[in-house]
Amino acid sequence: MNRKELLQKAGMAVAVSGILSTLSAEDHDHSTMTMPSAGKSKYSKAMMVAMHCQLSAEVCLSHCLTELGKGDKSLAACAVSTREVISLCDSFVKLASQSSSFTKKLANLCIEVCEACAKECDKHANHHTICKECRDSCLACIKELKKV
């Protein structure tokens, strides 16, 4: 693992731990607080998995762009698919956090995009750990979004 991969993974770990601590904070008793609370969202777990998928795709996209800059054109399609995952997962989280009536429809589209990305990243998983991690997070996202 080179320095850049280490920094990318460390950044992703910090972001994910922040997300997890935010979501786990929802389990605390806030009954003494005066602020109104809607309670835990029915989409909390799906949102958490989608955010992780989005972060993994961000790291993978950065890796793909670096490799493309070095002349490795084999990752061009991977870069495209990760950009789509980033957009769709972000949109899913935004709609799900609002309990939008369109959440399920967007979840289905997100599943389709994550399937395409997982398929593309799988082509590179043996040579690029970051692509393998992106593929795995897409597969986890697909599994959770099917429950929405």
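Located above this text is the structure these notes cover.
Note on numbering: residues in each chain are counted from 1, in written sequence order. Whole-chain, interface and lining totals are the exception, using all residues; otherwise, since this is a predicted model, local features are given only for residues with pLDDT of at least 70 and side-chain atom pairs are given and counted only at 80 or more. With hydrogens and water excluded, all non-hydrogen atoms of the structure serve as input to the side-chain values.

**Student:** For this particular structure, what's the right way to read the side chain of Thr103?
**Tutor:** Position of Thr103 among the secondary structure elements: in helix H4 (residues 103-122). Side-chain polar atoms of Thr103 contact the backbone oxygen of Leu95, separated by 3.5 Å. Here a residue-residue contact requires only that any non-hydrogen atoms of the pair lie within 4.5 Å. Every residue in contact with Thr103, bar those within four places of it in the chain, is listed here: Tyr43, Phe92, Leu95, Ala96 and Val148. Secondary structure elements follow DSSP: runs of H or I of four or more residues count as helices, runs of E of two or more count as strands, with numbering from the N terminus. Each polar contact in these results corresponds to two N or O atoms within 3.5 Å; when the atoms are within protein, one needs to be able to donate a hydrogen and the other to accept it, and residues that are neighboring in sequence are counted only if both atoms are side-chain atoms.

**Student:** Would you mind showing me how to read helix H2 (residues 44-69) here?
**Tutor:** Helical periodicity: at 3.6 residues per turn, an α-helix aligns residues three or four positions apart in one direction. Here, expected helix span is obtained from the residue count minus one, scaled by 1.5 Å. Across its 26 residues, H2 extends 37 Å between first and last C-alpha, which sits within 8% of the 38 Å expected from 1.5 Å per residue. Among the residues trailing H2, Gly71 stands out with phi positive, at a value near 105°.

**Student:** Honestly, the state of the cysteines in this entry has me stumped. Any pointers?
**Tutor:** Simply put, the disulfide is a covalent bond whose two ends are the sulfur atoms of two cysteines. When two cysteine sulfur atoms are found within 2.5 Å, that pair is recorded as a disulfide. Summed over all chains, the structure comprises zero disulfides. For Cys141, which is in no disulfide, the shortest distance to another cysteine sulfur is to Cys114 and amounts to 4.1 Å. Exposed residues in this analysis have more than 50% of their type's maximum accessible area, buried residues have under 20%, and partly exposed residues fall in between, with area computed by a 1.4 Å probe over protein chains only. Exposure remark for Cys141: the relative accessible area of 0% places this residue in the buried category.

**Student:** How should I be thinking about helix H5 (residues 129-145) in this particular structure?
**Tutor:** Here H5 is 17 residues long and its end C-alpha atoms lie 24 Å apart, about the 24 Å a rise of 1.5 Å per residue gives. The set of residues buried in H5 consists of Ile130, Cys131, Cys134, Arg135, Ser137, Cys138, Cys141, Ile142, Glu144 and Leu145.

**Student:** Looking at this model, I keep getting lost on the pattern of salt bridges. Mind explaining?
**Tutor:** When a carboxyl oxygen of Asp or Glu is within 4 Å of a side-chain nitrogen of Lys or Arg, the pair counts as a salt bridge. Evaluated as defined, the whole model comprises eight salt bridges. Across the salt bridge formed by Glu67 and Lys70, the nearest N and O atoms sit 3.5 Å from each other. Owing to a relative accessible area of 62%, Lys70 belongs among the exposed residues under this scheme. Taking the shortest distance from any N to any O, the salt bridge between Asp122 and Arg135 comes out at 2.6 Å. Taken as a pair, Asp122 in helix H4 and Arg135 in helix H5 lie far apart in primary sequence, 13 residues in all. For Asp122, a relative accessible area of 42% translates into the label partly exposed. Owing to a relative accessible area of 16%, Arg135 belongs among the buried residues under this scheme. Among the ionic contacts, a cluster of salt bridges with common partners joins Asp122, Lys132, Arg135 and Asp136.

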